[in-house]
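Below are the chains, spelled out letter by letter.
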Amino acid sequence: MRRPIYALWFRPRPDAEPSEKTDGKELAARMERFSAATFPFFLMLSLSAVLATLGLVANSTATVIGAMIIAPLMAPILSLAFGIATYDWALIRRSAVTVLAGTVCVVTIGYLGVIAIGARIVGPEILARTSPSMIDLAVALAAGCAGAYAQTRPSIADSIAGVAIAVALVPPLAVAGIGLALGSKASSEIGLRLDEFGLQDAGIDVAAGGALLFLTNLAGIIIVAALVFLLQNYGQWKKGLALLIVASLGGYVLVPPLNTALHEIYVKNRLLRLVNKNLEREPTFGSKGTEVRIQTVNVGYRNDHLFIRVDLLADRQKLAQAQENLERFSAQLAKDIGEDVLIEVDIGAIDVMRLRALGRGS
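First, a word on what this report is: a plain description of the structure on this page. (Residues numbered from 1 in each chain as written. Predicted model: local features only at pLDDT ≥ 70, side-chain atom pairs only at ≥ 80, totals over all residues. Heavy atoms only, no water.)

1. Let's talk about the overall build of the chain
Okay, so step 1: For the chain, the helix and strand inventory stands at 14 helices and five strands.
Okay, so step 2: Scored against the burial criterion, the 362 residues of the chain give a buried share of 43%.
Okay, so step 3: Here the contacts in the chain between residues at least 6 apart in sequence split such that 78% fall between residues at least 24 apart.
Okay, so step 4: With the model as given, the accessible surface of the chain reaches about 19,600 Å², and the carbon-plus-sulfur share is 60%. (Helix = DSSP H or I, 4+ residues; strand = E, 2+ residues; numbered from the N terminus. Buried < 20%, exposed > 50% of the residue type's maximum accessible area, 1.4 Å probe, protein only. Contact = heavy atoms within 4.5 Å. Areas by Shrake-Rupley, 256 points an atom, 1.4 Å probe, with all protein chains shown as cover.)

Laid out in structure tokens, this is it:
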């Protein structure tokens, strides 16, 4: 009897590694090691925190990624999820204490690092970790699934480093420490006050944003990792599922602020699309041919109303109808997104001068 084509496609190579599950006792012993607050754990975590703090202050993406790779904080989080799945209260307590101690360690290093350096500028790498949304929760859920599954399959266990890069654990905690150290003295990289970015309380809001991102990642990883362990038959379904439901209800409190942040991203994208469309057909600021360059767009809520702040540059000679056109545009945007919106525009009126030169070859 001839073998089907798909059997030839998916037939494993003779030298292929086995894909059997990790033995339950072996996995439990590994999770026991993961939960321990050892000296090597805190040494690597401290080095990761130092790298993250320096990378965030210096706005170095490569350094921040390096901090993610060597950070060992994922291990006790996975052991905490395994403890939930197996209803092992001793493992849960030990893992939780390790995660908490690691959290305090990173925040402290971030705080002391900024004080030692004397930094006062908040760059893009820091600001990028102050506004988590549902997208970050989705990343954490996927990372938790990948991390837990990699622990149950020896052949793909090495992929845990990629999971550490995908989900940020140490950088948000370093951001929290940096924000606490900066306080009200924080300013943006281009000299603007942080309230221009929707951060009314400067460093405190930076710290709160970093902490929220970490809690989002923590909750997403624990919930999905525990579920993956249960689906792999490593835990006790009834008791483990009960604890998982309780943990999920606790994580649900993070959904409203994350949903609000996702909505702000949607509104900003809609705003930019409408601005581009408006500038092509009937310019909001000035008449046809007006040269407009948008500098920054910040979206947030003030007094329960959607508030949009736009900084732009425009031709001074073509701004006669700017207020009228802005009112028409705000009505169009409010209708498009389905809620009241207040738009505040700061226009840098400039004199546009166009120069041309033609060079001819000999």
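2. Focus on the side chain of Thr103
Okay, so step 1: Mapped onto the elements, Thr103 comes out in helix 6 (residues 89–117).
Okay, so step 2: Its relative accessible area of 16% is what places Thr103 among the buried residues.
Okay, so step 3: What Thr103 contacts, discounting residues up to four positions off in sequence, is Leu173 and Phe214.

3. Considering the packing of aromatic side chains
Okay, so step 1: Counted according to the given criterion, the structure contains three aromatic pairs.
Okay, so step 2: Taking the centre distance of 5.1 Å and the plane angle of 80° together, the rings of Phe41 and Phe42 count as edge-to-face.
Okay, so step 3: Given a relative accessible area of 23%, Phe42 falls into the partly exposed group.
Okay, so step 4: Consider the rings of Tyr87 and Trp89, whose centres lie 5.9 Å apart with planes at 75°: the pair is edge-to-face.
Okay, so step 5: According to the relative accessible area criterion, Tyr87 is partly exposed, its value standing at 31%. (Phe/Tyr/Trp six-rings, centres within 6.5 Å; stacked < 30°, edge-to-face > 60°.)

4. What about a nonpolar patch on the surface?
Okay, so step 1: On the surface, Tyr111, Leu112, Ile115, Leu180 and Ile204 cluster together to form a nonpolar patch covering roughly 460 Å² of accessible area.
Okay, so step 2: If one sorts the elements of the nonpolar patch by residue count, helix 6 sits on top with three residues.
Okay, so step 3: Here Ile204 lies in helix 11 (residues 203–231). (Patch = residues over 30% accessible without salt bridge, like charges linked within 9 Å, V, L, I, M, F, W, Y side chains within 5 Å. Salt bridge = Lys/Arg side-chain N within 4 Å of Asp/Glu carboxyl O.)

5. Regarding the pairing of strand 4 (residues 305–315)
Okay, so step 1: Counting buried positions along strand 4 gives nine out of 11 residues, so the element sits mostly inside the fold.
Okay, so step 2: As paired elements, strand 4 and strand 5 (residues 341–350) share 10 bridges and run parallel to each other. Within the sheet, the bridge partner assigned to Val310 lies in strand 5 and is Val345. (Pairing = 2+ DSSP bridges.)

6. Focus on the side chain of Arg129
Okay, so step 1: Position of Arg129 among the secondary structure elements: in the loop between helix 7 (124–127) and helix 8 (134–152).
Okay, so step 2: Apart from residues no more than four positions distant in its own chain, Arg129 is found in contact with Leu56, Val64, Met68, Pro171, Pro172, Val175, Gly209, Gly210 and Leu213.

7. Examining helix 8
Okay, so step 1: Taking 1.5 Å as the rise per residue, helix 8 with 19 residues should run 27 Å; its terminal C-alpha atoms sit 27 Å apart, in good agreement.
Okay, so step 2: Taken together, the buried positions of helix 8 are Leu137, Ala140, Ala143, Gly144, Gly147, Ala148, Ala150, Gln151 and Thr152. (Expected span 1.5 Å × (residues − 1).)

8. Quick notes on the nonpolar core
Okay, so step 1: Residues Leu73, Ile77 and Phe229 are the most contacted members of the largest nonpolar core, which totals 57 residues.
Okay, so step 2: If near-sequence neighbours (up to four positions away) are discounted, Ile77 is found in contact with Val99, Leu169, Leu218, Ile221 and Ile222.
Okay, so step 3: The next biggest cluster of nonpolar side chains, apart from the first, holds 15 residues, and it includes Ile308, Leu312, Leu326 and Leu333. (Core = buried A, V, L, I, M, F, W, Y, C linked by side-chain atoms within 4.5 Å.)

9. A look at the pattern of salt bridges
Okay, so step 1: Taken as a whole and judged by the stated rule, the model has three salt bridges.
Okay, so step 2: Here Arg94 ties to Glu32 by a salt bridge, and the two come within 2.4 Å at their closest N and O atoms. Of this pair, Arg94 sits in helix 6 while Glu32 sits in helix 2 (residues 24–34), and the two are 62 residues apart along the sequence.
Okay, so step 3: Residue class for Arg94 comes out partly exposed when judged on its relative accessible area of 30%.
Okay, so step 4: Here Glu125 and Arg129 are joined by a salt bridge, their closest N and O atoms 2.9 Å apart.
Okay, so step 5: With relative accessibility at 12%, the residue Arg129 sits in the buried group.

10. Considerations on the packing of helix 10 (residues 170–182) against helix 11
Okay, so step 1: The geometry of helix 10 relative to helix 11 is characterised by a closest axis approach of 7 Å and an angle of 160° between their N-to-C directions. Relative to helix 11, the element helix 10 lies roughly antiparallel. In terms of crossing hand, the pair formed by helix 10 and helix 11 is left-handed. Taking contact as the criterion, the partners of Pro172, Leu173, Val175, Ala176, Gly179 and Leu180 in helix 10 are, on helix 11, Gly203, Ile204, Val206, Ala207, Gly210, Ala211, Leu213, Phe214 and Asn217.
Okay, so step 2: Here the contact of helix 10 with helix 11 is built from residues that sort into 11 nonpolar, four polar and no charged. (Axes fitted to C-alpha atoms, helices over the stretch in contact; angles between N-to-C directions. Parallel < 35°, antiparallel > 145°, perpendicular 65-115°, else oblique. Left-handed = near helix turned anticlockwise from the far one by under 90°. Nonpolar A, V, L, I, M, F, W, Y, C, P; charged D, E, K, R; others polar.)

11. Comments concerning the environment of Leu27
Okay, so step 1: Residue position: Leu27 is located in helix 2.
Okay, so step 2: Separated by 207 residues in the primary sequence, Leu27 and Tyr234 have C-alpha atoms spaced 8.7 Å apart.
Okay, so step 3: With residues near it in sequence (within four places) discarded, Leu27 still touches Thr22, Phe82, Gln151, Thr152, Phe229 and Tyr234.

12. Re unusual backbone geometry
Okay, so step 1: The phi torsion at Asn59 lies on the positive side, around 60°, for a residue other than glycine.
Okay, so step 2: Structurally, Asn59 can be placed in the loop between helix 3 (39–58) and helix 4 (61–70).
Okay, so step 3: Notably, Tyr87 is not glycine yet its phi reads approximately 55°, a positive angle.
Okay, so step 4: Along the chain, the position of Tyr87 falls in the loop between helix 5 (74–86) and helix 6.

13. Observations concerning helix 3
Okay, so step 1: Taking 1.5 Å per residue, 20 residues should reach 28 Å; helix 3 reaches 28 Å between its end C-alpha atoms and fits that length.
Okay, so step 2: Buried residues of helix 3: Phe41, Leu45, Ser48, Ala49, Ala52, Thr53, Gly55 and Leu56, and no others. Around the axis of helix 3, the buried residues are gathered within 165° of arc, so they sit on the same side. Summarising the geometry of helix 3, the exposed residues directed more than 90 degrees from the buried face are Phe39 and Ala58.
Okay, so step 3: Where the residues of helix 3 are buried, they touch helix 4, helix 5, helix 6, helix 7 and helix 10.
Okay, so step 4: Positioned one or two residues after helix 3, Asn59 has a phi angle of 60°, which is positive. (Arc of directions from axis to C-beta.)

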